[in-house]
Amino acid sequence: MDIKDTARLLDGAGVSAFLRSLPAKPLLLGLGEARHFVAELGELRNEIFRHLVEHEGYRSFAIESDCLRDLVVHDYITTGAGTLDDVMERGFSHRFGAPPAIRELVRWMRAYNEEHEEKLRFFGFDGPLEYWAESPRQALTALYDLLDGPLPGTVVTRETLDTLLGPDGRWTNEATAMDPSQSIGQSADAQRLRLIADDLVALLDTQAPRLSAEDRERAALYARTATGLLRYHYWLADASPARWTRLSALRDAMMAANLRAIAEHGPALVFASNLHLQRNKSFMRFGDQQLEWWSAGAITGTHLGDRYAFLASAFGTAGDDIPPPDTIEGILSTLPWDHSLIDARRLAQAITKPAPRISHDFAYFPLDPAQLDTIDGIVFLKEAVRLD
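Labelled according to an unreviewed UniProt entry, the chain appears under the name Erythromycin esterase family protein, originating from Nonomuraea insulae.

Laid out in structure tokens, this is it:
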């Protein structure tokens, strides 16, 4: 089989043809990043999302950013609250608000909503964490306030909750990433907060009928985030060899829980690292350890089945990083288009034993030849320019 028979030009017609080739219309279409901060991929993402909105009925976009910060972006897109400059500064984690393409996407989504009754929605689906983690204060207190009335006081008073949380700085100490002894995640206060969070989540179920749909959705997000953060802080204080494997798995599990909630709103395009969206286990070197854990995509696919689809991205030449001709990226570089959309499973049948690519760019994650048949499609850029 000629590899041209597995590929097509990446344009709107190609995206629609790809969707029709799937066994079911996906509720979540994952578009993976082989590397963060590649300008062309951000621009292609915008083109793909616009096509999905205008021709395929998609109404939601999700990005690998803090699920609480991105409420600022969602409110701006849906109501016009705030200014675009402020939203781009405050509404993203991990510097994801910096690329011009994401600013253009937010601007376009706001303009679309001003002209259409059926609104587009914007989501962050990462937890408020990376190697260290934010304080659970925002999630816990927001959940407490939404429950309102006398009942939260039967769990804990607001004053006691504030006392147990203490200064945010003791939670957000970045040194905890490498030194578990500096974490308060297994302290008496943190342990009590975990029990309180559990009680508040149970209370939310009993109070759901009196909440509006919007408040139920926000309360559920705060509940997931509060319990997830306290669990993550607990393992930040763990000194066992399993610490980083456990933390990595917990982060992706939080992502997956947010993705399942996003899927309830109908078809969404999800943009994040290939490592988070792939269906197989993720592997990463961390110091002298080899970490492995089930990705958010693997967990989500377990729950959604055929309603989850994954497009991995891959790059050919990036600066002086040129793929050898016997690697997947080297083979795909012979295609006639600058941007291609490839049926990954057909490609797996067309090429035999491609060599793994060893990239000089530590932030680029090449395609794994052994995992081609777990990918639905590949978005391939023949050349890519890094932003950072």
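Having put the structure on the table, let's press on.
Here's the deal with the overall build of the chain
Along the backbone of the chain there are 15 helices and ten strands. A compact globule built from 388 residues should have a C-alpha radius of gyration of about 21 Å, and the chain, at 22 Å, falls within 12% of that. Taken over 388 residues, the chain has a buried fraction of 53%. A separation of at least 24 residues holds for 78% of the contacts in the chain among residues at least 6 apart in sequence. About 16900 Å² of surface is accessible on the chain, with carbon and sulfur atoms providing 51% of the total.

Observations regarding the environment of Ala190
As for its placement among the helices and strands, Ala190 is situated in helix H9 (residues 188–207). Through-space distance from the C-alpha of Ala190 to that of Trp171 is 9.9 Å; in sequence the pair is 19 residues apart. Setting aside anything within four residues of it in sequence, one finds Ala190 in contact with Trp171, Ile184, Gly185 and Leu230.

Points about the layout of surface pockets
For the largest pocket, the calculated volume is near 790 Å³. Together, 26 residues line the largest pocket, and His36, Glu130, Tyr131, Met284 and Phe365 are the ones closest to its centre. Counting only elements with at least two residues in the lining of the largest pocket, the list comes to helix H11 (243–263) and helix H12 (274–277). No other element matches H11, which puts five residues into the lining of the largest pocket. Of the residues in the lining of the largest pocket, the class split is 13 nonpolar, five polar and eight charged.

Considerations on the nonpolar core
Side chains of nonpolar character tend, in soluble globular proteins, to be buried together. Within the largest apolar cluster, 79 residues are counted, with the highest numbers of intra-cluster contacts made by Phe61 and Ile378. Among the elements that make up this core, the one with the highest residue count is strand E8 (residues 308–317) (seven residues). Setting aside residues up to four positions removed in sequence, Ile378 forms contacts with Leu311, Ala312, Ala314, Leu332, Ser340, Leu341, Ile342, Ala344, Leu347, Leu367 and Leu372. Judged by nonpolar contacts, the second largest core, of 30 residues, contains Leu140, Leu143, Leu164 and Ala197.

Comments concerning empty space enclosed by the protein
If you roll a probe as big as a water molecule over the atoms, it shows you where there is empty space left. By the definition in use, this model includes one cavity of 30 Å³ or more. Computed from the structure, the largest cavity encloses a volume of approximately 50 Å³. In terms of lining, the largest cavity is formed by Arg35, Phe315, Gly316, Ala318, Asp321, Arg357, Asp361, Tyr364 and Arg386.

Comments concerning the packing of helix H3 (residues 70–79) against helix H5 (residues 100–115)
At their nearest, the axes of H3 and H5 sit 7 Å apart, and the two run at 35 degrees to each other. Taking contact as the criterion, the partners of Val73, Tyr76, Ile77, Thr78 and Thr79 in H3 are, on H5, Val106, Met109, Arg110 and Asn113. In terms of residue class, the contact of H3 with H5 is built from five nonpolar, three polar and one charged.

Digging into unusual backbone geometry
Of note in the backbone geometry, Phe37 takes a positive phi value of approximately 65 degrees without being a glycine. Within the secondary structure, Phe37 is located in the loop between strand E2 (28–33) and helix H2 (39–56). The class for Phe37 is buried, based on a relative accessible area of 11%. Even without glycine at this site, Arg95 takes up a positive phi of about 65 degrees. Within the secondary structure, Arg95 sits in the loop between helix H4 (84–90) and H5.

A few points about H3
When H3 is considered as a whole, its buried residues turn out to be Asp70, Leu71, Val73, His74, Tyr76 and Ile77. At its buried positions, H3 is contacted by strand E3 (60–66), H4, H5, strand E4 (121–126) and helix H10 (213–236). Remark: Gly80 follows H3 within two positions and exhibits a positive phi of approximately 85 degrees.

What counts and what doesn't
Residues numbered from 1 in each chain as written. Predicted model: local features only at pLDDT ≥ 70, side-chain atom pairs only at ≥ 80, totals over all residues. Heavy atoms only, no water. Helix = DSSP H or I, 4+ residues; strand = E, 2+ residues; numbered from the N terminus. Rg over C-alpha atoms; globule rule 2.2 N^0.38 Å. Buried < 20%, exposed > 50% of the residue type's maximum accessible area, 1.4 Å probe, protein only. Contact = heavy atoms within 4.5 Å. Areas by Shrake-Rupley, 256 points an atom, 1.4 Å probe, with all protein chains shown as cover. 1 Å grid on protein atoms, 1.4 Å probe; cavity = no way out; pocket = protein on both sides within 12 Å on 5 of 7 lines; lining within 4 Å. Points joined across faces, edges and corners; volume = space filled by probe spheres on them. Nonpolar A, V, L, I, M, F, W, Y, C, P; charged D, E, K, R; others polar. Core = buried A, V, L, I, M, F, W, Y, C linked by side-chain atoms within 4.5 Å. Axes fitted to C-alpha atoms, helices over the stretch in contact; angles between N-to-C directions.

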